[in-house]
Amino acid sequence: MSDPAADPLKLIALDADDLSVISAHLQDAVLKRGDIAYLPSEKRFALALRRFDWEGAAQGQKRRRLSALHFERVTAARSTKVAAGDAVLSLLAVTFSGQSDDPAGQVTLHFSDGAAIRLDVECIEAQMKDLGPIWEAVATPAHPDAG
């Protein structure tokens, strides 16, 4: 019996709605600062993540897989509360803010503990792609109520 959730994902985002789909698939992905690269001369921002497979979780499976996310047309990148060293970052969401008549704006990668990376972009041009095999996760991510 085949497992469609095991098929590698390849998603492209060209607008805020597309980016929200990528955000949903990357919720609770983990990475370290060393997995992030900003190449200003190429206007590219890229990161490698170990994403939690939410589609598999719907079938009772706990697993992760290596994925890459990159943004093109990035003119600046700034971070807030992103710890140096080997601290693990947990991605919560990827959002876009801009003006409705202008494709330029800011993409923000929101991490746990208030950490964030904000990218100034000429427009949304992003791609997420699974790179490797699936492995069993220790646990399913949970978000206790903050109230």
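Residues numbered from 1 in each chain as written. Predicted model: local features only at pLDDT ≥ 70, side-chain atom pairs only at ≥ 80, totals over all residues. Heavy atoms only, no water.

## Section: the environment of Lys129
Then, number 1: When you line up the elements, Lys129 lands in strand 10 (residues 126–136).
Then, number 2: Residues Lys129 and Val94, spaced 35 residues apart in sequence, show a C-alpha to C-alpha distance of 15 Å. (Helix = DSSP H or I, 4+ residues; strand = E, 2+ residues; numbered from the N terminus.)

## Regarding the pattern of salt bridges
Then, number 1: In total, this model carries eight salt bridges according to the counting rule given.
Then, number 2: Note that Lys43 is salt-bridged to Glu122, the shortest N-O span being 2.5 Å. Of this pair, Lys43 sits in the loop between strand 3 (36–39) and strand 4 (44–52) while Glu122 is found in the loop between strand 9 (116–121) and strand 10, placing the two residues 79 residues apart along the sequence.
Then, number 3: Across the pair Asp53 and Arg63 runs a salt bridge whose closest N-O atoms are separated by 2.6 Å. Of the two residues, Asp53 is situated in the loop between strand 4 and helix 2 (54–57) and Arg63 in strand 5 (residues 63–71); the sequence distance between them amounts to ten residues. Here the two residues Asp53 and Arg63 agree in accessibility, since each one is buried. (Salt bridge = Lys/Arg side-chain N within 4 Å of Asp/Glu carboxyl O. Buried < 20%, exposed > 50% of the residue type's maximum accessible area, 1.4 Å probe, protein only.)

## What to know about the packing of aromatic side chains
Then, number 1: Per the stated rule, a full pass over the model turns up two aromatic pairs.
Then, number 2: Their ring planes at 45° and their centres at 6.3 Å tell us that Tyr38 and Phe45 sit as a pair that is tilted.
Then, number 3: With relative accessibility at 3%, the residue Phe45 sits in the buried group.
Then, number 4: Ring geometry for Phe52 versus Trp54: centroids 4.7 Å apart, planes at 65°, classification edge-to-face.
Then, number 5: Residue Phe52 is classed as buried on the basis of its relative accessible area of 0%.
Then, number 6: Given a relative accessible area of 29%, Trp54 falls into the partly exposed group. (Phe/Tyr/Trp six-rings, centres within 6.5 Å; stacked < 30°, edge-to-face > 60°.)

## Some details on unusual backbone geometry
Only a minority of non-glycine residues have a phi that is not negative, and only a minority of peptide bonds are not trans.
Then, number 1: Of note, Asp28 is a non-glycine position whose phi angle comes to about 75°, a positive value.
Then, number 2: Within the fold, Asp28 resides in the loop between helix 1 (16–26) and strand 2 (30–32).
Then, number 3: For Asp28, a relative accessible area of 4% translates into the label buried.
Then, number 4: A positive phi angle, near 55°, is found at Lys43, a position not held by glycine.

## Notes on the side chain of Arg65
Then, number 1: Following the sequence through the fold, Arg65 ends up in strand 5.
Then, number 2: A distance of 3.3 Å separates polar atoms of two side chains, one belonging to Arg65 and the other to Asp130. (Polar contact = N/O pair within 3.5 Å; in protein donor to acceptor, adjacent residues only side chain to side chain.)

## Concerning the nonpolar core
Then, number 1: Judged by nonpolar contacts, the single largest core of 28 residues is most densely connected at Leu69, Phe71, Leu109 and Leu119.
Then, number 2: Of all the secondary-structure elements, those providing two or more residues to this core are strand 1 (10–13), helix 1, strand 4, strand 5, strand 7 (88–98), strand 8 (105–111), strand 9 and strand 10.
Then, number 3: If sequence neighbours within four positions are ignored, Phe71 has contacts with Leu19, Lys43, Arg44, Phe45, Val94, Val107, Leu109, Leu119, Glu125 and Ala126. (Core = buried A, V, L, I, M, F, W, Y, C linked by side-chain atoms within 4.5 Å. Contact = heavy atoms within 4.5 Å.)

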